[in-house]
Amino acid sequence: MEFYRAEQICDVPEIIFNTERILEECNVEFEYGKFVNKNLKHFTGTHDGDMELLRSECRKNLSYRYSGISETVMHRMEKELPVMDREM
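Calculation notes
Residues numbered from 1 in each chain as written. Predicted model: local features only at pLDDT ≥ 70, side-chain atom pairs only at ≥ 80, totals over all residues. Heavy atoms only, no water. Helix = DSSP H or I, 4+ residues; strand = E, 2+ residues; numbered from the N terminus. Areas by Shrake-Rupley, 256 points an atom, 1.4 Å probe, with all protein chains shown as cover. Polar contact = N/O pair within 3.5 Å; in protein donor to acceptor, adjacent residues only side chain to side chain. Contact = heavy atoms within 4.5 Å. Buried < 20%, exposed > 50% of the residue type's maximum accessible area, 1.4 Å probe, protein only. Lys, Arg positive; Asp, Glu negative; His and termini not counted. Salt bridge = Lys/Arg side-chain N within 4 Å of Asp/Glu carboxyl O. Expected span 1.5 Å × (residues − 1). Bend = angle between axes of the 7 residues up to and from the residue.

1. As for the overall build of the chain
So, point 1. When you go through the chain residue by residue, the secondary structure sums to 4 helices and 0 strands.
So, point 2. Mapped from its N terminus to its C terminus, the chain presents α and β elements in the order α-α-α-α.
So, point 3. Just so you have it, the chain exposes about 8500 Å², and 55% of that area is on carbon and sulfur atoms.

Spelled out as structure tokens, the structure:
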């Protein structure tokens, strides 16, 4: 991983804008003093349930990314889901 000093990026306002935008969209919460392992092998309890939830969430939110949900968009989603399935 390569790191940059502030003076190296100050002439590129897009970097600062994008970094601020990403920070605004992130929300991370920690509970200090408690050890709670929330890393579950399966979010829903089963692998198949996780994949169905992922597919459902993808379908539900396609309109957020695409103004028109065409056959091409649906095909791409169905092509990408098995790739994520192999990684799970």
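2. Here we look at the side chain of Arg 55
So, point 1. As for its position among the elements, Arg 55 is in helix α3 (residues 47–65).
So, point 2. A distance of 3.0 Å separates the side chain of Arg 55 from the side chain of Glu 78, its partner in a polar contact.
So, point 3. In this view, Arg 55 contacts Glu 78 and Leu 81; residues no more than four positions away in its chain are not counted.

3. Considerations on the side chain of Asp 50
So, point 1. Inspection of the secondary structure assignment puts Asp 50 in helix α3.
So, point 2. Notably, Asp 50 is buried but unbridged: the nearest opposite-charge side chain belongs to Lys 41, and the N-O separation is 9.8 Å.
So, point 3. A polar atom in the side chain of Asp 50 sits 3.1 Å from the backbone nitrogen of Phe 43.

4. Thoughts on α3
So, point 1. When the terminal C-alpha atoms of α3 are compared, their 26 Å separation across 19 residues agrees well with the 27 Å that a helix rising 1.5 Å per residue should span.
So, point 2. Along α3, the sharpest kink reaches roughly 35°, centred on Arg 59.
So, point 3. Within the sequence span of α3, burial applies to Asp 50, Met 51, Arg 55 and Leu 62.
So, point 4. In this fold, the buried residues of α3 make contact with α4 (71–87).

5. Notes on the pattern of salt bridges
So, point 1. Counting across every chain of the model gives 5 salt bridges.
So, point 2. The partner of Glu 78 in a salt bridge is Arg 55, with the nearest N and O atoms 3.0 Å apart. Pair noted here: Glu 78 is in helix α4 and Arg 55 is in helix α3, with a separation of 23 residues, a long-range link.
So, point 3. Overall, the relative accessible area of 29% leaves Glu 78 in the partly exposed class.
So, point 4. One salt bridge connects Glu 78 with Arg 59, and the closest N-O pair in it is separated by 3.6 Å. Of this pair, Glu 78 sits in helix α4 while Arg 59 sits in helix α3, and the two are 19 residues apart along the sequence.
So, point 5. Each of the salt bridges in this network shares a partner with another, and the network as a whole consists of Arg 55, Arg 59 and Glu 78.

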